[in-house]
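# Fold and geometry: a report
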Amino acid sequence: MPASDKADRIRTSVTEQEALDFHAQGRPGKLEIAPTKPMATQRDLSLAYSPGVAVPVKAIAADPATAYDYTTRGNMVAVITNGTAILGLGNLGALAAKPVMEGKSVLFKRFADVDSIDLEVDTENVDEFINSVRYLGPSFGGINLEDIKAPDCFIIEQRLRELMDIPVFHDDQHGTAIIAAAGLINALELTGRDFKSTRLVCNGAGAAAIACIELIKAMGFNPENVTLCDTKGVIYQGRSEGMNQWKSAHAVKTDRRTLAEAMEGADVVLGLSQKGAFTADMIRSMAANPIIFAMANPDPEITPEEVADIRSDAIMATGRSDYPNQVNNVLGFPYIFRGALDVRASSINDAMKIAAVRSLAALAREDVPDDVAAAYQGTRPRFGAEYIIPVPFDPRLISAIPVAVAKAAMETGVARKPITDLDAYARELSARRDPIAATTQHLYERVRNHQKRVVFAEGEEEQVMRAAIAFANQGLGTAILVGRDEPLKATAARAGIDLDRPGIEVVNARLSTRVEAYTEYLYSRLQRKGYLLRDCQRLINTDRNHFSACMVALGDADAMVTGTTRNYSTALEDVRRCIDPQPGHRVIGVSLALTRGRTVLVADTAVHDMPTAEELADIAEEAAGFARSFGYEPRVALLAYSTFGHPTGERSERLREAVKILDTRRVDFEYDGEMGADVALNAHRMEQYPFCRLSGTANVLVMPAIHSASISTKMLQELGGSTVMGPILVGLGKSVQIASMGAKDTDIVNMAAIAAYNAGA
């Protein structure tokens with residue numbers, strides 16, 4: 001497909017009215033401030049303000065470093081501008097810059113969980129601006145300068161870095177440089193070039209352009225091969241017109257005087273100038289396989305469509321989201337500050353920037369997860385000419401770039417709070433964006449320490465292959481893909497997946513030497529349930545679930561995950577033909593609902609339609625045991641539409657009977673019911689029933705029927721913003737998990753990890 005067609009396919013348009021409506025709807029703007037501590041009682045107020053607040057005040061006065069412990073400083077960045085260079089719109093003033101600065105603050109929070117506030121300083125005087133900012137140091141952990149014209153921005157940043165002991169970072173300079181350099185590394189690799197011999201032209205000599213060439217030179221680019229141009233042409237040694245100290249630092253000895261002359265035979269051109277700056281003749285004159293970064297905003301120096309009409313061998317990047325290879329600063333600044341804040345860095349130095357560059361470049365070469373494909377309407381990027389830079393919605397950015405930045409900060413001596421375990425730090429970062437990751441951290445650690453062989457039953461499916469690779473790459477164990485050789489290889493080739501790597505095994509059920517043993521085992525189980533020997537042979541030969549479950553049942557694998565191509569109940573029926581419940585246990589499904597810092601387990605969400613009182617008691621026991629296996633001390637509430645007898649009804653009576661049954665069993669966990677969900681989850685409502693046996697709000701909810709469990713968990717997701725994981729299968733004699741039909745690769749990995757975890761040490 002021609003580049004122009006691909007660009008048309010992904011273009012999106014935003015009208016002026018849509019943009020205005022977006023910013024005006026509801027509460028105007030894009031930010032609000034919310035408290036992180038409760039403010040519901042007089043005691044809360046006493047702790048938050050007077051007299052309690054005096055205690056941290058004294059502590060900070062005695063040791064200023066404790067401000068990071070008792071205030072927001074360690075996670076707070078100021079986005080500051082004077083509005084002299086707003087986007088590509090020019091000098092429109094401080095007030096007009098506010099929507100952009102608010103947007104920057106939103107991106108800090110959205111992508112790296114960094115709190116931020118925008119500050120617009122209404123002066124164009126460099127000294128006044130510096131003095132306005134320098135005294136704000138105690139309020140923030142870092143300063144992000146934005147949309148300040150050159151050369152003022154160079155002076156301001158340098159002076160503030162000298163005056164302040166926190167990171168000061170002009171993102172228009174360094175953010176653009178970092179993302180562009182990452183893309184350049186990959187473009188050079190794809191075209192067989194290196195830093196030393198590649199000839200590069202940079203058009204534009206403003207803040208971003210100067211930062212770009214300074215960074216690539218710091219990374220090893222030969223200065224003699226870098227030509228900087230501005231509106232007056234090549235910046236050469238001896239030129240006096242339109243020069244300043246920052247341009248002069250990059251003047252080269254050359255006879256070329258115009259941009260067109262400079263681009264003749266060039267391997268790379270970086271555009272940080274204006275629309276239309278690159279002509280067709282300039283592009284034609286470049287070397288074979290040219291690398292063209294046209295990064296002017298909002299309109300590039302030349303569009304991908306125009307380049308595609310001129311030549312077919314170019315690698316192209318722009319600053320726009322509606323074309324491939326967007327040089328988007330959101331890939332950098334949130335994560336760079338995240339890493340800098342977490343080690344309490346005194347500055348952001350070149351080593352930290354280069355670490356971010358290399359981390360970004362490496363990430364683009366990795367297989368992308370389903371989350372990225374979903375964010376881009378199912379189009380899965382793959383390393384190549386149209387994917388040399390990661391996309392902003394890649395969830396791995398949060399756990400990759402900050403770690404690299406923090407490590408570089410420690411190695412260069414600017415970190416005041418070193419991180420001793422970078423692997424644990426990476427997992428903590430993932431948890432900031434993904435509530436599931438926070439819940440499963442300890443589980444993943446155990447699985448890494450006690451690796452298992454996990455069967456991925458639907459091995460011919462693309463997302464299952466990706467999940468298997470992720471499982472193996474994360475050191476969780478061996479992933480065994482079950483599937484026919486030819487379809488499996490064809491799918492892998494089409495998706496660009498390499499299965500020839502450590503930790504991945506492929507098993508063809510038709511060719512396995514274990515077919516006879518599995519058939520005999522299955523026949524021994526099903527011969528008195530209407531199955532003939534040939535029926536069992538057919539199931540083993542043709543059905544992946546039966547084959548995989550028999551692998552686990554006979555010890556050829558430790559655990560199994562399935563479910564992406566069949567509904568849950570069908571997959572469970574397949575598995576239960578091969579594996580019995582654990583003696584003395586009942587098979588149930590438990591879902592984890594994570595919302596607003598709380599985790600609640602909901603049961604049974606998968607197996608029992610209308611459970612009896614006896615079954616409800618069993619479900620409560622199984623769910624409590626599962627809660628303990630995940631590190632929670634269970635407080636079980638048996639839920640109904642009524643609370644302790646009002647109003648009465650048949651379903652409520654079954655729950656009351658289940659409580660009586662639990663009483664006779666003398667179980668070792670807290671439980672009570674029947675009660676409404678509002679009572680179970682709200683401490684103040686629970687206080688109205690002083691006889692309630694629960695010592696606090698419930699963390700395990702036993703539903704009266706499967707329909708109420710399904711409805712409630714789905715409503716939590718859609719209306720409450722909860723993240724729901726599961727159903728997780730509990731009570732089988734062997735470890736099997738069933739993912740939801742159409743599950744993403746990350747969901748499948750989580751279920752495989754749980755299966756491995758439940759397989760035991």
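Not measured: the values here are computed from a predicted model.

Size of an interface, as often reported, equals the accessible area lost when the parts are brought together. Its domain assignment divides the chain into domain 1 (56-166), domain 2 (174-412), domain 3 (441-578) and domain 4 (588-730). Computed from C-alpha atoms alone, the centre-to-centre distance between domain 1 and domain 3 is 54 Å.

In this structure, Ala472 sits in helix α21 (residues 462-473). A relative accessible area of 14% means that Ala472 is categorised as buried. Considering only alpha carbons, one finds Ala472 and Ile504, 32 residues apart in sequence, at a separation of 6.8 Å. Once you skip the residues sitting within four places of it in the chain, Ala472 turns out to touch Gly477, Pro502, Gly503 and Ile504.

As a further point, take unusual backbone geometry. Here Gly673 and Glu674 are connected by a cis peptide whose omega angle stands at 0°. Note that the residue after Gly726, namely Pro727, is joined by a cis bond; omega there is 5°. Tracing the sequence through the fold places Pro727 in strand β20 (residues 723-730). One non-glycine residue, Arg666, lies in positive phi territory at about 50°. Turning to its location among the elements, Arg666 is positioned in the loop between α28 (650-665) and β18 (670-675). Classification of Arg666 as exposed rests on a relative accessible area of 74%.

Right, let's talk about the packing of aromatic side chains for a bit. Summed over all chains, the structure comprises 14 aromatic pairs. Between Phe108 and Phe333 the ring centres are 4.8 Å apart and the planes differ by 70°, which places this aromatic pair in the edge-to-face class. With Phe108 in helix α6 (residues 98-112) and Phe333 in helix α15 (residues 333-342), this residue pair connects regions lying 225 residues apart in the sequence. Between Tyr518 and Phe547, the ring centres sit 5.2 Å apart and the planes meet at 80°, which makes this aromatic pair edge-to-face. Of the two residues, Tyr518 is situated in helix α23 (residues 515-526) and Phe547 in helix α25 (residues 544-553); the sequence distance between them amounts to 29 residues.

Let's shift gears to the pairing of strand β6 (residues 226-230). In terms of residue burial, β6 counts as a mostly covered element, since five of its five residues are buried. Of the two faces of β6, the one holding Val226, Leu228 and Asp230 and the one holding Thr227 and Cys229 are both buried throughout. Looking at chain direction, strand β5 (residues 200-203) and β6 are connected through four bridges and run parallel. In the sheet register, Asn203 faces β6, and the bridge partner there is Cys229.

About the criteria used
Residues numbered from 1 in each chain as written. Predicted model: local features only at pLDDT ≥ 70, side-chain atom pairs only at ≥ 80, totals over all residues. Heavy atoms only, no water. Domains from an automatic or database assignment. Helix = DSSP H or I, 4+ residues; strand = E, 2+ residues; numbered from the N terminus. Buried < 20%, exposed > 50% of the residue type's maximum accessible area, 1.4 Å probe, protein only. Contact = heavy atoms within 4.5 Å. Phe/Tyr/Trp six-rings, centres within 6.5 Å; stacked < 30°, edge-to-face > 60°. Pairing = 2+ DSSP bridges.

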